[in-house]
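Spelled out, the chains give:
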Amino acid sequence: MAARLSGKVIQNINSTFVGGGVAEILSRMVPLLGQLGVDARWNVIKGSDEFFQVTKKFHNALHGRQERISAKDFELFLETTQKNIEEFELYGDIIFVHDPQPAGLVVRKKELGKKWVWRCHIDVSHPNEEVWNFLQSFVIQYDAAVFSAPGFSHELPIRQFLISPSIDPLSDKNKELPQETIDAVLGKYGIPRDKPIITQVSRFDYLKDPVGVIQAFEMVRKSIDCRLIFAGGTATDDPESDKVLAEVREKAGNNPDIHILLIPPGSDIEINALQSASTIIVQKSLGEGFGLTVSEALWKAKPVVASAVGGIPLQVKNKFTGLLSHGVPGTAYALRQLLNNPEYAGWLGENGREHIRYNFLITRHLRDYLLLFLSLDHPGDVIRL
Amino acid sequence: MIQWLTDNWLKIAIPVLAFLACFVVGLWVRRVVDKAFERWRARTKWEGSQLIAKATRRPFLHWFLLLGAFIAIQVSALPPESKSIGAKVIGSLFVLSLGWLVIILSEQLLKLYLPKVKATQPTITLAVNVIRVIIVVVGVLMVLQIWGVPTSPILILIVVVLLAAALALRDAAPNLFAGFQLGATQQIKVGDYVKLETGEEGYVADISWNNTHIRVLDESTIIVPNSRLLQRTVINYGHPLKNAKEPFHFHSRTHLTELTGLKAKNLRELADVLKKVPDTVIYHHTHHFLEQHHYLTPEPSNDFAVWVTDALGDEALGEGLTSVDTFAFPNLEALRERLVGIVEEHLSKGSNFREVMPGREFHFAKSVSVILPTPYVAHDLREFAEALRKISLGSLYFHIFESRLRLSRGLNDFSIWIKDSLGETELGEEIARLDPYTYTLEGLRSTLIQLIEKRIK
């Protein structure tokens with residue numbers, strides 16, 4: 001497939017080389033495409049701090065959060081877009097634009113031709129209408145759009161593809177760790193392995209429902225002795241996270257079986273070790289972009305109890321690769337089922353690992369991108385290469 | 001002169017008589033030997049006997065003439081030096097005649113037998129030349145020995161040359177001998193289907209003096225040194241099976257999911273959208289789980305059944321949609337009608353007007369199939385079974401599921417080829433009767449291989 005893209009330049013455009021999920025994906029994907037012989041390149045647009053504050057607001061609004069967006073914000077976005085349109089070099093045969101920040105570059109499509117694809121990495125299932133309508137006026141000028149989950153798509157006059165994100169099985173967060181490393185991390189955080197461990201790994205964010213996780217754990221504890229680890233970090237751009245952490249600590253009280261761990265950024269090996277040491281992984285989110293922590297857990301063949309939100313139902317096929325829940329009592333019930341039926345839990349975990357192997361590893365992601373680029377020249381539903 | 005003849009007639013007559021006597025004896029002996037040889041030929045029916053009889057007839061008489069000349073010289077009144085020289089000349093002529101006969105005979109026998117062991121023309125020429133050189137060298141050495149020339153240095157030189165040659169050909173020699181052995185024993189012949197210890201397999205296309213050429217599934221050729229073929233375990237399945245009119249070219253398939261942007265939050269919307277979406281949407285939601293969850297037994301149901309059960313909580317309808325036998329439908333339109341019919345029948349009973357929670361809507365998608373060639377090609381059932389072991393699950397999926405419903409061929413590709421191109425109607429129909437939806441893809445692969453291997457046996 002890669003050979004069929006020979007001679008074409010894939011120009012990836014986003015707003016930053018470092019930090020954030022998009023930069024992380026591109027930093028892995030661009031070299032891998034290169035190794036397959038595809039000429040993939042990566043450029044970033046320019047923008048002032050004010051511009052990025054506006055796009056952050058757009059980001060939150062598209063996620064469905066309440067944001068005050070003024071006419072001045074839209075103006076600033078358009079001004080910066082115009083500047084980039086004038087200064088930015090567009091040389092690709094396929095111009096692959098990631099997320100809303102550079103979306104406006106597409107106005108040069110009429111002049112340049114080429115194939116244009118907009119890659120949406122965020123959950124736009126319930127967006128702020130004003131921002132979505134503003135953004136949509138650019139999106140519909142593309143040849144195709146790509147979303148991470150079916151629920152993120154909208155009725156658009158252009159082709160829309162589903163390409164889920166993926167995990168890298170060789171990264172620190174997902175590679176197999178020696179038992180000594182796992183023991184060392186548990187030792188560091190003072191977690192004994194005397195009873196089953198239930199773990200949720202996520203930021204201290206209301207959307208991850210950490211208090212709900214503790215409530216479900218306390219319901220389980222009435223009949224089964226076990227531990228809870230809530231491991232996560234706080235984000236500097238999220239003023240709420242400290243507040244959430246304080247609430248979680250208060251809710252946990254002095255229960256010695258609840259371990260609230262504030263993990264510093266970049267501690268991938270530690271996250272890996274905590275997941276590997278766990279009996280069950282929970283992801284009781286109220287909302288998720290995609291929820292790749294579920295894939296990380298399933299790749300370690302761990303039984304998972306997760307909420308049916310965002311991209312989680314793609315990863316957890318209920319009763320086949322994990323259990324889906326819709327509330328605190330449902331989560332507690334699923335946890336009890338798994339703790340009391342380790343063979344069933346093991347079967348779900350093994351199925352989950354296979355599910356990730358075939359559907360959520362970076363190799364599948366890479367193949368989907370190749371198919372996407374090839375499909376741009378083939379409008380039909382059946383493409384013969 | 002007359003006086004000299006009168007005085008020495010006895011000295012002349014005795015050698016002449018001796019020579020003539022030998023000639024007569026020679027003729028008589030040749031006749032006796034011819035008859036004895038004739039009887040032996042009739043008894044053994046050896047095809048080489050004719051060659052020996054023809055080749056030796058004239059030299060045999062020459063040898064008696066040489067014997068006569070030798071006796072005549074020895075009984076003559078010639079001086080001893082002349083007798084000695086005469087003996088050496090006659091000895092040399094005998095060696096040359098004998099050598100010539102051995103060369104002729106060995107050449108004819110090699111040309112008779114090497115083709116029977118499938119030796120190629122270059123191999124025969126090489127063998128004939130080797131024999132010629134050996135006999136000429138031995139003959140020259142014997143003649144030199146007769147004339148009293150020291151042969152030891154020449155022998156040493158020959159040994160050195162032979163050692164150098166052996167050293168240069170140390171890699172080729174085992175293959176050469178193995179080639180002779182393969183030909184002589186007929187363990188592996190051109191046209192046999194063989195499987196090597198390393199896993200490669202295919203038909204033997206050629207056995208040369210040093211290598212064996214095996215044509216494998218992707219139509220490339222593996223060249224195996226003959227010696228390796230003898231040293232390793234090789235399974236020889238024997239001769240080719242019936243060749244297909246047209247070879248089967250395996251393709252593979254992968255897909256990209258295209259979103260339609262359409263969604264349903266209740267059964268009414270599900271039925272309405274189902275009626276208007278393209279066939280490819282129906283195909284996607286009733287098939288994609290086969291690939292996505294091919295490792296699971298039992299596999300999850302079609303997407304409609306899963307959504308109705310999990311998101312709407314309607315287990316009765318979920319069961320109804322799960323039990324739709326996709327295999328029973330000749331095309332996607334008929335399948336769509338059945339699905340819509342089940343949902344509408346359920347609605348008509350007033351059973352379920354619930355709406356799902358926000359975020360749990362059914363999102364309609366379709367598959368964009370990308371069909372790719374693979375290197376695997378089968379010309380007969382044996383190659384076909386072997387290719388089935390090697391192809392990807394995507395390839396198996398394409399030829400079994402996609403070709404039947406999505407490409408509207410009515411039958412899977414394998415059955416079509418086996419029936420039409422191989423003429424194996426019974427096997428083709430047996431495969432067509434398999435319900436692939438009740439197998440995992442790996443289970444389906446094993447079942448197909450078993451059916452084909454049973455037929456081969």
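Cut-off values and rules
For every chain, the first residue of its written sequence is number 1, and the numbers climb from 1 along that sequence. To read the labels, note that chains go from A and ligands from 1, taken in the order they are written. Residue-level local features of this predicted model are given only where pLDDT is at least 70; pairs of side-chain atoms are given and counted only at 80 or more, and the full residue set underlies all totals for whole chains, interfaces and linings. Strands are runs of DSSP state E lasting at least 2 residues, helices are runs of H or I lasting at least 4, and numbering of each runs from the N terminus. In this setup the radius of gyration rests on C-alpha atoms only. A globule is expected at 2.2 Å times the number of residues raised to 0.38. Think of it as a crowd count around each C-beta: if 20 or more other C-beta atoms lie within 10 Å the residue is buried, if 12 or fewer it is exposed, and in between it is partly exposed, with C-beta placed from the backbone throughout. Working definition of a contact: two residues with C-beta atoms, positioned from the backbone, lying within 7 Å. Delimitation of the domains relies on an automatic or database domain assignment. Here the nonpolar group is Ala, Val, Leu, Ile, Met, Phe, Trp, Tyr, Cys and Pro; Asp, Glu, Lys and Arg are the charged ones; every other residue, Gly included, is treated as polar. The pairing criterion is simple: DSSP has to find at least two bridges between the two strands. An axis is simply a line fitted to the C-alpha atoms; with a helix, the fit covers only the stretch in contact. Between two such axes, the angle follows the N-to-C directions and lies from 0 to 180 degrees. Directions from the helix axis toward the C-beta atoms define the arc. To count as a nonpolar core, a set of buried Ala, Val, Leu, Ile, Met, Phe, Trp, Tyr and Cys residues must be joined through C-beta atoms within 7 Å. A clockwise path from the first strand over the helix to the second, with the strands pointing away from the viewer, defines a right-handed crossover. When describing relative orientation, an angle under 35 degrees is termed roughly parallel and one over 145 degrees roughly antiparallel, while 65 to 115 degrees is termed roughly perpendicular and anything else oblique. Crossings are classed by handedness, with left-handed meaning an anticlockwise turn of the near helix from the far one by less than a right angle and right-handed meaning a clockwise turn. On a scale of 0 to 100, pLDDT captures the predictor's confidence in every residue.

**Student:** Help me get a handle on the overall build of chain A, residues and values and all.
**Tutor:** In terms of regular secondary structure, chain A is built from 14 helices and 13 strands. Computed over C-alpha atoms, the radius of gyration of chain A comes to 22 Å, within 12% of the 21 Å expected from 2.2 N^0.38 for 385 residues, which places it in the range of a compact globule. Each principal axis of the C-alpha atoms in chain A carries an extent, and together these give about 65 × 50 × 35 Å. Classification of the 385 residues of chain A by burial places 45% in the buried group.

**Student:** Explain the overall build of chain B to me, using residue names and the numbers behind them.
**Tutor:** Counting secondary structure elements, chain B contains 17 helices and seven strands. Computed over C-alpha atoms, the radius of gyration of chain B comes to 42 Å, more than 25% over the 23 Å expected from 2.2 N^0.38 for 457 residues, which places it beyond the range of a compact globule. For chain B, the spread of C-alpha atoms along the principal axes amounts to about 150 × 45 × 30 Å. Here chain B holds 457 residues, and 28% of them are scored as buried. Excluding contacts between residues fewer than 6 apart, the proportion of contacts in chain B whose partners are at least 24 apart in sequence is 67%.

**Student:** Give a detailed account of the domain arrangement of chain A, specifying residues and quantitative values.
**Tutor:** Residue and element names in this part refer to chain A. Looking at chain A, the domain boundaries give domain 1 (2-166 + 361-375) and domain 2 (179-359). Of note, the centres of domain 1 and domain 2, computed from C-alpha atoms alone, are 31 Å apart. Taken residue by residue, the interface counts eight residues in domain 1 and nine residues in domain 2. In terms of residue class, the side of domain 1 that touches domain 2 is made up of four nonpolar, two polar and two charged.

**Student:** Any chance you could break down the interface of chain A and chain B for me, citing the residues and the numbers?
**Tutor:** Across the boundary between the two partners, chain A contributes 32 residues, which contact 25 residues of chain B. Every element with two or more residues in the side of chain A that touches chain B is listed here: β6 (159-162), α13 (342-359), α14 (362-375) and β13 (382-384) of chain A. It is α14 of chain A that provides the largest number of residues to the side of chain A that touches chain B, a total of six residues. Classifying every residue of the side of chain A that touches chain B by side-chain character gives 15 nonpolar, nine polar and eight charged. Alignment of β13 of chain A against strand β7 (residues 362-378) of chain B, held across three bridges, turns out to be parallel. Bridge pairing in β7 of chain B places isoleucine 383 of chain A opposite valine 370 of chain B.

**Student:** I'd like to hear about the sheet that holds strand β3 (residues 211-216) of chain B, residue by residue, with values.
**Tutor:** All names here are of chain B. Taken in spatial order, the five strands make up an open sheet running β4-β3-β2-β1-β5, and their pairing is antiparallel. Each edge of the open sheet is held by one strand with a lone partner, namely β4 (221-225) and β5 (235-238). Between one strand and the next, the sheet's axes are offset by a mean angle of 35 degrees, whatever the strand orientation. In this structure, β3 lies alongside β4, joined through five bridges in antiparallel fashion. Opposite isoleucine 214, over in β4, you have isoleucine 222 as the bridge partner.

**Student:** Explain the domain arrangement of chain B to me, and be specific about the residues and the numbers.
**Tutor:** Interfaces are often sized by the amount of accessible area the parts lose when they come together. Residues and elements named next belong to chain B. According to the domain assignment, chain B consists of domain 1 (2-168), domain 2 (186-238) and domain 3 (248-456). Measuring from the centre of the C-alpha atoms in domain 2 to the corresponding centre in domain 3 gives 40 Å. Its residues placed into classes, the side of domain 2 that touches domain 3 shows three nonpolar, no polar and three charged.

**Student:** Got a sec to walk through unusual backbone geometry? Specific residues and values, please.
**Tutor:** All names here are of chain A. Of note in the backbone geometry, aspartate 209 takes a positive phi value of approximately 50 degrees without being a glycine. With respect to the secondary-structure elements, aspartate 209 resides in the loop between β7 (197-201) and α7 (210-221). C-beta crowding within 10 Å serves as the criterion here: with 25 such atoms nearby, aspartate 209 is assigned to the buried category. Not every positive phi belongs to a glycine, and alanine 301 is a case in point at roughly 60 degrees. Locating alanine 301 in the fold gives a position in the loop between α10 (292-299) and β11 (304-307).

**Student:** Summarise helix α8 (residues 267-276) of chain B; cite the residues concerned and give the values.
**Tutor:** Residue and element names in this part refer to chain B. Within the span of α8, buried status applies to Leu267, Leu270 and Leu274. Take α8 and look down its axis: the buried residues cluster within an arc of 55 degrees, on one side only. Buried residues along α8 sit in contact with β6 (248-264), α12 (332-348) and β7.

**Student:** Could you give me a rundown of the nonpolar core, with the residues and numbers involved?
**Tutor:** Within the largest apolar cluster, 150 residues are counted, with the highest numbers of intra-cluster contacts made by Val97, Val117, Ile280, Val305 and Leu335 of chain A. The contact partners of valine 117 of chain A, leaving out residues within four places of it in the chain, are Ile94, Phe96, Val97, Tyr142, Asp143, Ala144, Val146 and Leu372 of chain A. If you look at the next biggest cluster of nonpolar residues, it comprises 11 residues, including Ala178, Leu182, Tyr203 and Val204 of chain B.

**Student:** Describe the pairing of strand β10 (residues 280-283) of chain A, listing the residues and the values that go with them.
**Tutor:** Residue and element names in this part refer to chain A. Side-chain alternation along β10 places Ile280 and Val282 on one buried face and Ile281 and Gln283 on a second face that is also buried. Where β10 and β11 come together, three bridges link them in parallel fashion. Counterpart to valine 282 in the pairing with β11 is valine 305. In this region the chain leaves β10, passes through α10 and returns to the parallel neighbour β11; the handedness of that crossover is right-handed.

**Student:** Let's hear about the packing of α8 of chain B against α12 of chain B: which residues, and what values?
**Tutor:** All names here are of chain B. Across the interface, α8 lies against α12 with an axial gap of 10 Å and an inter-helix angle of 155 degrees. Taken together, α8 and α12 sit at an angle that is classed as roughly antiparallel. Of the two possible hands of crossing, α8 and α12 adopt the one that is left-handed. Of the residues in α12, those touching α8 at Leu267, Arg268, Leu270, Ala271, Leu274 and Lys275 are Arg336, Leu339, Val340, Val343, Glu344, His346 and Leu347. By residue class, the composition of the contact of α8 with α12 is eight nonpolar, one polar and four charged.

**Student:** Describe the packing of helix α2 (residues 49-62) of chain A against helix α3 (residues 71-87) of chain A, and please don't skip the residues or the numbers.
**Tutor:** The angle between the axes and the distance between the axes are what describe a pair of packed helices. Residue and element names in this part refer to chain A. Look at α2 against α3: their axes get within 9 Å of each other, and the N-to-C directions meet at 120 degrees. In terms of their interaxial angle, α2 and α3 are classed as oblique. Relative to α3, α2 is oriented so that their crossing is left-handed. Residue-level contacts link Glu50, Phe51, Val54 and Lys57 of α2 to Asp73, Leu76, Phe77 and Thr80 of α3. Class assignment of the residues belonging to the contact of α2 with α3 gives a composition of four nonpolar, one polar and three charged.

**Student:** I'd like a description of the sheet that holds β13 of chain A, backed by residues and values.
**Tutor:** Taken together, nine strands build an open sheet; the order of strands is β2(A)-β1(A)-β3(A)-β4(A)-β5(A)-β6(A)-β6(B)-β7(B)-β13(A) and the sheet is mixed. The outermost strands of the open sheet, each flanked by one partner alone, are β2 (39-44) and β13 of chain A. Averaged over all neighbouring strand pairs, the angle between strand axes comes to 25 degrees, with direction disregarded. Across the face of the sheet, α14 of chain A comes into contact with β1 (9-14), β3 (94-98), β4 (115-119), β5 (144-147), β6 and β13 of chain A together with β6 and β7 of chain B while running at roughly 85 degrees to β6 of chain B. Those strands touched by α8 of chain B are β6 and β7 of chain B, and its axis lies near 130 degrees from that of β6 of chain B.

**Student:** Before we move on, can you summarise the confidence of the model for chain B with the specific residues and values?
**Tutor:** All names here are of chain B. When pLDDT is averaged along chain B, the result is 85, and 96% of the positions lie at 70 or above. Within chain B, helix α6 (residues 172-185) has the poorest average pLDDT of any element, 74, and α8 the best, 94. Here the predicted complex carries an ipTM of 0.85, next to a pTM of 0.71.

**Student:** Report on the environment of tryptophan 299 of chain A, specifying residues and quantitative values.
**Tutor:** Residue and element names in this part refer to chain A. Along the chain, tryptophan 299 falls in helix α10. Judged by the 23 C-beta atoms lying within 10 Å of it, tryptophan 299 falls in the buried class. As for tryptophan 299 and tryptophan 42, which are separated by 257 residues in sequence, their C-alpha atoms are 29 Å apart. For tryptophan 299, the contacting residues outside a window of four places in its chain are Ile167, Pro169, Asn174, Arg353 and Ile356.

**Student:** Explain the pairing of β3 of chain A residue by residue, including any values.
**Tutor:** All names here are of chain A. Counting buried residues along β3, five of its five residues qualify, which places the element largely inside the surrounding structure. Because side chains alternate across β3, one face comprises the buried residues Ile94, Phe96 and His98, and the other comprises Ile95 and Val97, equally buried. The pairing of β1 with β3 spans four bridges and is classified as parallel. Note that in β3 the partner of glutamine 11 across the bridge is isoleucine 95. Relative to β4, β3 runs parallel, the two sharing five bridges. Within the sheet, the bridge partner assigned to histidine 98 lies in β4 and is arginine 119.

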